[in-house]
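Structural features, examined
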Amino acid sequence: MAPAEQPQRMMPTVEPILQTSTDVIGQPLVYPGGTATVTAVIVHLEEGVSTGWHQHEVPFFAQVLEGELTVDYGTKGLRVYVAGDALLEAVNWPHNGSNTGSGPVRILAVYMGSDTAKNSVALPNR
């Protein structure tokens with residue numbers, strides 16, 4: 001085949017979801033010490049269910065796949081996330097997420113942790 005006759009090749013496209021150096025409450029991104037460990041999970045919250053107060057010791061990327069999630073960051077305020085929203089969750093800051101929508105919530109959660117830090121730590125209710 002002559003060059004003019006070769007079929008056009010499709011190139012992949014890249015759609016940015018999130019690029020940041022701070023978490024949702026403005027703290028700078030800091031990786032924990034130790035051996036790096038990445039954990040990816042899907043979090044499911046049925047209608048009216050909350051996560052309970054907790055905090056993360058490691059950076060944590062999240063993308064809401066379905067539903068509406070309202071997160072209470074205490075003195076840093078409330079934030080509402082809906083399907084398609086992506087965020088770098090607050091590190092070492094107490095918060096509580098609640099399904100405030102009319103159906104289930106599904107969240108892709110990717111923890112960028114280590115063998116010396118916990119992905120999530122439960123806290124007493126406020």
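Here we summarise the structure given alongside this text. (Residues numbered from 1 in each chain as written. Predicted model: local features only at pLDDT ≥ 70, side-chain atom pairs only at ≥ 80, totals over all residues. Heavy atoms only, no water.)

An order of β1-β8-β3-β6 is seen for the four strands of this open sheet, with the pairing classed as antiparallel. Only two strands of the sheet have a single neighbouring strand rather than two, namely β1 (36-45) and β6 (86-88). Between one strand axis and the next, the sheet turns through 15° on average, direction left out of account. With three bridges connecting them, strand β3 (residues 60-66) and β6 associate as antiparallel partners. Across the sheet, residue Ala 62 finds its bridge partner in β6, namely Leu 87. (Pairing = 2+ DSSP bridges. Helix = DSSP H or I, 4+ residues; strand = E, 2+ residues; numbered from the N terminus. Axes fitted to C-alpha atoms, helices over the stretch in contact; angles between N-to-C directions.)

Glancing now at the side chain of Asn 99. Inspection of the secondary structure puts Asn 99 in strand β7 (residues 96-99). Residue Asn 99 is classed as buried on the basis of its relative accessible area, which comes to 5%. One polar contact links the side chain of Asn 99 to the main-chain amide nitrogen of Gly 101, over a distance of 2.9 Å. For Asn 99, the side chain forms a polar contact with the main-chain oxygen of Gly 103, separated by 2.7 Å. In contact with Asn 99, other than residues within four places in its own chain, are Leu 45, Glu 46, Glu 47, Gly 48, Val 49, Glu 68, Leu 69, Pro 104 and Val 105. (Buried < 20%, exposed > 50% of the residue type's maximum accessible area, 1.4 Å probe, protein only. Polar contact = N/O pair within 3.5 Å; in protein donor to acceptor, adjacent residues only side chain to side chain. Contact = heavy atoms within 4.5 Å.)

Further remarks concern the pattern of salt bridges. According to the stated counting rule, one finds one salt bridge in the structure shown. The salt bridge partner of Glu 66 is Arg 106, with a shortest N-O separation of 3.0 Å. You can see Glu 66 sitting in strand β3 and its partner Arg 106 sitting in strand β8 (residues 105-114), a full 40 residues away along the chain. Under the relative-accessibility criterion, Glu 66 is labelled partly exposed at 30%. Arg 106 sits in the partly exposed class, given a relative accessible area of 30%. (Salt bridge = Lys/Arg side-chain N within 4 Å of Asp/Glu carboxyl O.)

The next subject is the packing of aromatic side chains. Scanning the model with the defined rule gives one aromatic pair in all. Between Phe 60 and Tyr 111, the aromatic rings sit 4.5 Å apart at their centres with planes inclined by 25°, giving stacked as the arrangement. Placement of the pair is Phe 60 in strand β3 and Tyr 111 in strand β8, with a sequence separation of 51 residues. On the accessibility criterion, Phe 60 (7% relative accessible area) is buried. The exposure class assigned to Tyr 111 is buried, which follows from its relative accessible area of 11%. The ring of Trp 93 is capped by Lys 76, whose NZ or CZ atom sits 5.4 Å from the centre of that ring. (Phe/Tyr/Trp six-rings, centres within 6.5 Å; stacked < 30°, edge-to-face > 60°. Lys NZ or Arg CZ within 6 Å of the ring centre and 35° of its normal.)

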